[in-house]
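One letter stands for each residue in the lines below.
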Amino acid sequence: MAQFPACGAGLVSKPASSRKDAAKRQAVSTHPNGFTDMGQKLKTMLPAVSAQLEQLFQNTPKTDKTETLAVSDPDLLTRLITVVKPRQEKPDAVAAALHKQFGSLAGVISAPPETLLAATDNDALLAVYFQLVHEAAVRLHRARVKQAGVLADKEQLYRYLRAILSQESVEQVRVLFLDEAHTLLADEMQSRGTVDHTPIYPREVVRRALELKAHYLVLVHNHPSGDPSPSQDDVTMTRHIVQAADIMGITVWDHVIVGGQKLCSLKEEGLF
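Here we summarise the structure given alongside this text.

How each quantity is defined
- Think of each chain on its own: its residues are numbered from 1, step by step along the sequence as written.
- pLDDT decides what is reported in this predicted model: residues at 70 or higher carry local features, side-chain atom pairs at 80 or more are listed and counted, and totals for whole chains, interfaces and linings draw on all residues regardless.
- Side-chain measures here rest on the full set of heavy atoms in the structure, leaving out hydrogens and waters.
- Stacked, tilted and edge-to-face are the three classes applied to pairs of Phe, Tyr and Trp rings, where Trp contributes its six-membered ring and a pair requires centres within 6.5 Å; stacked means planes under 30 degrees apart, edge-to-face means over 60, and tilted covers the rest.
- Burial classes follow relative accessibility: with a 1.4 Å probe on protein chains only, a residue under 20% of its type's maximum area counts as buried, one over 50% as exposed, and anything between as partly exposed.
- Elements are defined by DSSP. Helices are runs of H or I of four residues or more, strands are runs of E of two residues or more, and each kind is numbered from the N terminus.
- Think of it as the arc spanned by the lines of direction from the helix axis to the C-beta atoms.
- The contact rule is simple, with two residues in contact once any of their heavy atoms fall within 4.5 Å.
- Whether two strands pair comes down to DSSP finding at least two bridges between them.
- Axes, fitted as lines to C-alpha atoms, cover a helix only where it is in contact. Angles between the N-to-C directions of the axes lie from 0 to 180 degrees.
- To count toward a patch, a residue needs a relative accessible area over 30% and no salt bridge; like charges are then connected within 9 Å, while nonpolar side chains (Val, Leu, Ile, Met, Phe, Trp, Tyr) are connected within 5 Å.
- Areas reported as accessible are Shrake-Rupley estimates using a 1.4 Å probe. Residue values count occlusion only from the protein chains shown.
- Salt bridges are defined by distance alone: a side-chain nitrogen of Lys or Arg within 4 Å of a carboxyl oxygen of Asp or Glu.

As for the packing of aromatic side chains
Reasoning step 1: Counted according to the given criterion, the structure contains two aromatic pairs.
Reasoning step 2: Summarising the aromatic geometry, the rings of Tyr-129 and Phe-130 are spaced 6.3 Å apart at their centres and angled 40° between planes, so their arrangement reads as tilted.
Reasoning step 3: Judged by its relative accessible area of 1%, Tyr-129 is buried.
Reasoning step 4: On the basis of relative accessible area, Phe-130 is assigned to the buried category, the value being 0%.
Reasoning step 5: Ring centres 5.8 Å apart and planes at 85° place the aromatic pair Tyr-216 and Trp-253 in the edge-to-face group. Of the two residues, Tyr-216 is situated in strand β3 (residues 216–222) and Trp-253 in strand β4 (residues 251–259); the sequence distance between them amounts to 37 residues.

Pasting the structure below:
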């Protein structure tokens, strides 16, 4: 890891070779395609692109009403590439290749960093940009959930859950801790497992809820297979957490399973 010089180090005279190296580093850092230029490119994003990002952040299927305004995933991906890399040759071809590899725009921007680097021929700028877009989407959804109240707008909650879990390649269990007014106190990953199994311990969930002074819990986990249908283990685990939480006066409001863009509410299914 690079280290910054100590305070005052800039006052020390440097040999000619060091000055040349510094000049090279400066040239790299201010290159039009470098990271220091990214902020300016984001500021000059075309309004049309900004409008279409809302489509991405909604993370819901298109309807007849939005069809005329909607842009296809490859087209929106092309626009995103052009924003950060206006000199990119054949951005539509790059977008098409990424879309083919990952299956969707959501799949591209939520792919692991090392996978994105490999897919973009080690283009770190583009890989980081996609990660920033994904993080922006997640934070937007989280802010909306906090503003509305977790239980006040089910569809907004589901958009948030899709944004954080729909593209995960292994199972993870998350818990949303809510206060008495249903305001989100914390959203924390409790465990991360394999493609089809994740261990979770009721006592740890309840312990954390007591630390946060939570009144309600929303359990969430994903099925990488894309099928959100609950297994018997899912139902049993939910009931164990419900029982442990109830002893301490905490209510498990729901357990939602995310499978790609599909969701299943165990509460609505009457499974606990």
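Regarding helix α10 (residues 202–212)
An α-helical segment advances 3.6 residues per turn. Residues three or four places apart therefore align on the same side.
Reasoning step 1: Those residues of α10 not exposed but buried are Val-205, Val-206 and Ala-209. Buried positions in α10, seen along its axis, are confined to an arc of 95° and lie on one side of it.
Reasoning step 2: In this fold, the buried residues of α10 make contact with β1 (172–178), β2 (184–192), β3 and α11 (232–247).
Reasoning step 3: Positioned one or two residues after α10, Lys-213 has a phi angle of 60°, which is positive.

Some thoughts on unusual backbone geometry
Reasoning step 1: For Asp-121, which is not glycine, the phi torsion reads 60° and is therefore positive.
Reasoning step 2: Here Asp-121 shows up in the loop between α7 (113–119) and α8 (124–148).
Reasoning step 3: Among the residues examined, Asp-121 registers a relative accessible area of 69% and is labelled exposed.
Reasoning step 4: In the Ramachandran plot, His-182 falls in the positive-phi region, its phi being about 70° despite a non-glycine side chain.

A closer look at the sheet that holds β2
The strands making up a sheet associate through backbone hydrogen bonding, with each pair oriented either parallel or antiparallel.
Reasoning step 1: Strand order in the open sheet made by the five strands is β2-β1-β3-β4-β5, with mixed pairing throughout. At either margin of the open sheet sits one strand with a lone partner, and together these are β2 and β5 (262–265). Put simply, the sheet's adjacent strands are angled 20° from each other on average, direction ignored.
Reasoning step 2: Along the sheet face, α11 touches β3 and β4 and points at about 155° away from the line of β4.

A word on a nonpolar patch on the surface
Reasoning step 1: Taken together, the side chains of Leu-210, Ile-247 and Met-248 define a hydrophobic patch exposed on the protein surface, amounting to about 320 Å² of accessible area.
Reasoning step 2: Within the fold, Met-248 resides in the loop between α11 and β4.
Reasoning step 3: The class of Met-248 is partly exposed, set by a relative accessible area of 44%.

Overview of the pattern of salt bridges
Reasoning step 1: All told, the structure shown has nine salt bridges when counted by the stated rule.
Reasoning step 2: A salt bridge links Glu-204 to Arg-207; its shortest N-O distance comes to 3.1 Å. Residue Glu-204 and its partner Arg-207 are both found in helix α10; the two are separated by three residues, about one turn of the helix.
Reasoning step 3: The exposure class of Glu-204 is partly exposed, given its relative accessible area of 31%.
Reasoning step 4: Where Arg-208 meets Glu-211, a salt bridge forms, and the shortest distance between an N and an O atom there is 3.0 Å. Separated by three residues within a single helix, Arg-208 and Glu-211 lie in helix α10, roughly one turn from each other.

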